[in-house]
Amino acid sequence: MITIDDTSWPVLTVSFTGKNSPQEFNAYLARMTEYLRRGVRHAVILDSRDLAATPTLEQRQRQVDWIQANTPALRQWSLGNAFVITSPFIRLAMNIMYQLQPLPTPHTVVGDIKMARTWVDGRFRAVGLPPPPEVPVGRRGSG
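Residues numbered from 1 in each chain as written. Predicted model: local features only at pLDDT ≥ 70, side-chain atom pairs only at ≥ 80, totals over all residues. Heavy atoms only, no water.

Novice: Can you help me understand the packing of aromatic side chains in this one?
Specialist: Per the counting criterion, the structure on display carries 3 aromatic pairs. Among the aromatic residues, ring-to-ring pairing joins Phe-16, Phe-25 and Tyr-28 into one connected group. If you follow Arg-38 out to its NZ or CZ, it ends over the ring of Trp-9, 4.6 Å from the centre. (Phe/Tyr/Trp six-rings, centres within 6.5 Å; stacked < 30°, edge-to-face > 60°. Lys NZ or Arg CZ within 6 Å of the ring centre and 35° of its normal.)

Novice: What exactly am I supposed to notice about the pairing of strand 2 (residues 11-18) here?
Specialist: In summary, the side chains of a regular strand alternate between the two faces of the sheet. Summarising the sheet, strand 1 (residues 2-8) and strand 2 pair through 5 bridges and their orientation is antiparallel. Within strand 2, the position partnered with Thr-3 by the bridge is Ser-15. Hairpin remark: strand 1 followed by strand 2, antiparallel, with 2 residues in the connecting loop. The parallel pair strand 2 and strand 3 (residues 42-51) is bridged by helix 1 (residues 22-37), and the resulting crossover is right-handed. (Pairing = 2+ DSSP bridges. Helix = DSSP H or I, 4+ residues; strand = E, 2+ residues; numbered from the N terminus. Right-handed = clockwise from strand over helix to strand, strands pointing away.)

Novice: When you look at the sheet that holds strand 1 in this model, what are you seeing that I'm missing?
Specialist: Hydrogen bonds between backbone atoms are what pair the strands of a sheet, whose relative direction is either parallel or antiparallel. The 5 strands are arranged 1-2-3-4-5 in an open sheet whose pairing can be described as mixed. Strands with a single pairing partner mark the edges of an open sheet, and in this sheet they are strand 1 and strand 5 (107-110). Neighbour to neighbour, the strand axes of the sheet diverge by 20° on average, direction disregarded. With respect to the sheet, helix 2 (residues 57-77) is in contact with strand 3 and strand 4 (78-84), its orientation differing from that of strand 4 by roughly 95°. Sitting on the sheet, helix 3 (residues 88-100) touches strand 4 and strand 5, and the angle it makes with strand 5 is about 165°. (Axes fitted to C-alpha atoms, helices over the stretch in contact; angles between N-to-C directions. Contact = heavy atoms within 4.5 Å.)

Novice: I would appreciate a short explanation of helix 1 in the present structure.
Specialist: The terminal C-alpha atoms of helix 1 lie 23 Å apart, and with 16 residues this matches the ideal 22 Å at 1.5 Å per residue to within 8%. All of the buried residues in helix 1 are Phe-25, Tyr-28, Leu-29, Met-32, Thr-33, Tyr-35 and Leu-36. Along the axis of helix 1, the buried positions cluster into a sector of 160°, meaning they face one direction only. Counted as exposed and oriented over 90 degrees from the buried face of helix 1: Gln-23 and Arg-37. Where helix 1 is buried, its residues meet strand 1, strand 2, strand 3 and helix 2. One or two steps after helix 1, the chain reaches Gly-39, where phi turns positive at roughly 70°. (Expected span 1.5 Å × (residues − 1). Buried < 20%, exposed > 50% of the residue type's maximum accessible area, 1.4 Å probe, protein only. Arc of directions from axis to C-beta.)

By themselves, these observations are geometric and do not establish any function.
Dropping the structure here:
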């Protein structure tokens with residue numbers, strides 16, 4: 001399942017749990033396109049702590065295609081992505097991958113959600129914007 005929490009907009013938290021179907025992945029990309037089209041500077045926390053399987057080759061290619069199709073808007077509106085991944089090996093692999101194939105926006109790969117939020121808050125401050133307030137756990141929506 002892929003859940004997008006926008007209760008702290010302009011910070012989105014995308015949670016990946018279990019194994020994601022092609023339909024769920026396509027719906028996720030469509031929702032992300034909608035947020036991008038709002039024309040508001042924002043940041044995304046991608047929480048993969050509960051992901052049971054890595055994205056399929058097809059899903060990875062769809063993500064690459066989506067990034068390529070949306071690069072100008074991402075550069076204009078995205079303040080960055082914070083990837084939350086608990087496996088040190090996968091974090092290292094992602095860092096190497098993004099060194100070889102950079103994203104069009106700033107990013108970080110961290111081991112916990114608090115570090116991700118701290119990085120995101122810093123991205124807002126870096127462009128002179130106040131970090132949006134966090135919604136307390138238990139009061140979050142599923143966007």
